[in-house]
Amino acid sequence: MQSESWTNFSGRVTCKPSRFARPRDEAELVAAVRAAAGDGRGLRVAGTGHSFTPLCATDGTLVSLDDWQGIVAIDRESLQATVRAGTKLHALGEPLLAAGLAMRNMGDVDVQALAGAVSTGTHGTGPALANVSSQVVGARLVRASGEILELAGSDLDRLDAARVSLGLLGVFSTLRLQLVPAYRLHERIWKTGIEECLAELDRDVAAQRHYEFWWYPHKDYAERKALAVTDAEPDSVAGRKGERIDWSARVLPSVRELRFNEMEYSVPAPAGPECFRAVRERMRSRWPDVVWPVEYRTLAADSAWLSTAHRRDSVAISLHQDARLDPDAFFADCEPIFSEHGGRPHWGKLHTRGARELAALYPQWSRFQSLRRELDPRGVFANAYLRGLFSI
């Protein structure tokens, strides 16, 4: 009898685990980790499969935390919430709003599991807003031994290592988030020519809490989006094309129904416009048939060791291709442009960087490797892809 398979969002990654585990509490999660450590075939955790790289693929144990969701506790005084790792981001907004709270920022979509978004460095846009992992101020992490490691601000090094760790240090059980008072956002979306967009780029980024644009290569125009905090009521913009006002968790995520594959690099913020122009020229001259847009977002520096914005304000530029088409040649032709501009690849999106190249991009690479060996000396949490990426 053939084992059941698992496939990611785009259909690019498929695997056949020898065992599926769906723990309903922390004790069952610990038991699954210990069993995987004992059989020597390893363990990975799959959220909603929104990584395009084979981070979750395994022939060992594949864990789903779909039965380990929900908010454990909310502390209104400290503006913090403790959340189970499998909780989907879209399930957080309304309960937090009922408590008068919200996440400081969210990613482009809200279908991911919280632990997956944290572990891969998922981010939104905003020059003063860091990635989702930066909102984590504490966590419970299940080590390969089954021991529970409590991570908190009193041990900032380990917390910074774990924030963006790809599941290599252990499995998150719960995460404690630093929140903000609930707030409304005023969204404006409009279209212009790309040159007008670029001419106004510095002004727009500086003037808005959130700003991003999508460049559509087939018509050479930009769809621009700005979000500003407001106390205005939703009906104050009723009838205005491209505008709406609502609570942050209802405005920040976009709906992405079409399936695609993606490459994203974060470059130092000052290099963002030049890097985009180079990508645009490459696509117009060599890839005129690509119609999927290029996304341009900003990202504040943070302290997570493997964050693409580690200690530097960044611009994230994303390429997309229809999931029914092979993106490899297109992405490979554009990837050197990102490298020339000091880019760091998004861990959950397609790239061809290896351990030596990545080590040069991350100042804390050696420290992360040492901590990984300390917490998981047998490589229980490292699948074939990650073994190659980290020279395990």
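Up top is the structure these notes are about.
Residues numbered from 1 in each chain as written. Predicted model: local features only at pLDDT ≥ 70, side-chain atom pairs only at ≥ 80, totals over all residues. Heavy atoms only, no water.

Participant: Can you walk me through the packing of helix α4 (residues 156-163) against helix α11 (residues 365-375) in this structure?
Facilitator: The description of two helices packed together rests on the angle between their axes and the distance between the axes. Between α4 and α11, whose axes approach to 11 Å, the crossing angle comes to 95°. The orientation of α4 with respect to α11, classified from their angle, is roughly perpendicular. Between α4 and α11, the residues in contact are D157, R158 and A161 and R367, F368, L371, E374 and L375, respectively. Looking at the contact of α4 with α11 residue by residue, the class counts come to four nonpolar, no polar and four charged. (Axes fitted to C-alpha atoms, helices over the stretch in contact; angles between N-to-C directions. Helix = DSSP H or I, 4+ residues; strand = E, 2+ residues; numbered from the N terminus. Parallel < 35°, antiparallel > 145°, perpendicular 65-115°, else oblique. Contact = heavy atoms within 4.5 Å. Nonpolar A, V, L, I, M, F, W, Y, C, P; charged D, E, K, R; others polar.)

Participant: Explanation requested: helix α8 (residues 272-286) in the structure shown.
Facilitator: Here α8 contains 15 residues, and its C-alpha end-to-end distance of 21 Å stays within 8% of the 21 Å for a straight helix at 1.5 Å per residue. Taken as a whole, α8 has its buried residues at G272, C275, F276, V279, R280 and M283. Buried residues along α8 cover an arc of 135° about the axis, so they all sit on one side. Residues of α8 that are buried sit in contact with α5 (194-199), β14 (210-216), β17 (260-268), β18 (294-299), β19 (314-322) and α9 (328-340). (Expected span 1.5 Å × (residues − 1). Buried < 20%, exposed > 50% of the residue type's maximum accessible area, 1.4 Å probe, protein only. Arc of directions from axis to C-beta.)

Participant: Which parts of the structure should I look at to understand the nonpolar core?
Facilitator: Generally speaking, nonpolar side chains in soluble globular proteins are found buried as a group. Core analysis: the biggest nonpolar cluster contains 69 residues, and F172, W347 and F390 have the highest contact counts within it. It is helix α1 (residues 26-39) that provides the largest number of residues to this core, a total of six residues. Membership of the second largest hydrophobic core comes to 34 residues, among which are C197, L201, F213 and A271. (Core = buried A, V, L, I, M, F, W, Y, C linked by side-chain atoms within 4.5 Å.)

Participant: Where do I start with the side chain of T192 in this structure?
Facilitator: Relative to the helices and strands, T192 resides in strand β13 (residues 184-193). T192 gets classed as buried once you look at its relative accessible area, which sits at 12%. Polar contacts involving the side chain of T192 include one to the side chain of R224, which spans 3.0 Å. Setting aside its immediate chain neighbours within four residues, T192 contacts C197, Y221, A222 and R224. (Polar contact = N/O pair within 3.5 Å; in protein donor to acceptor, adjacent residues only side chain to side chain.)

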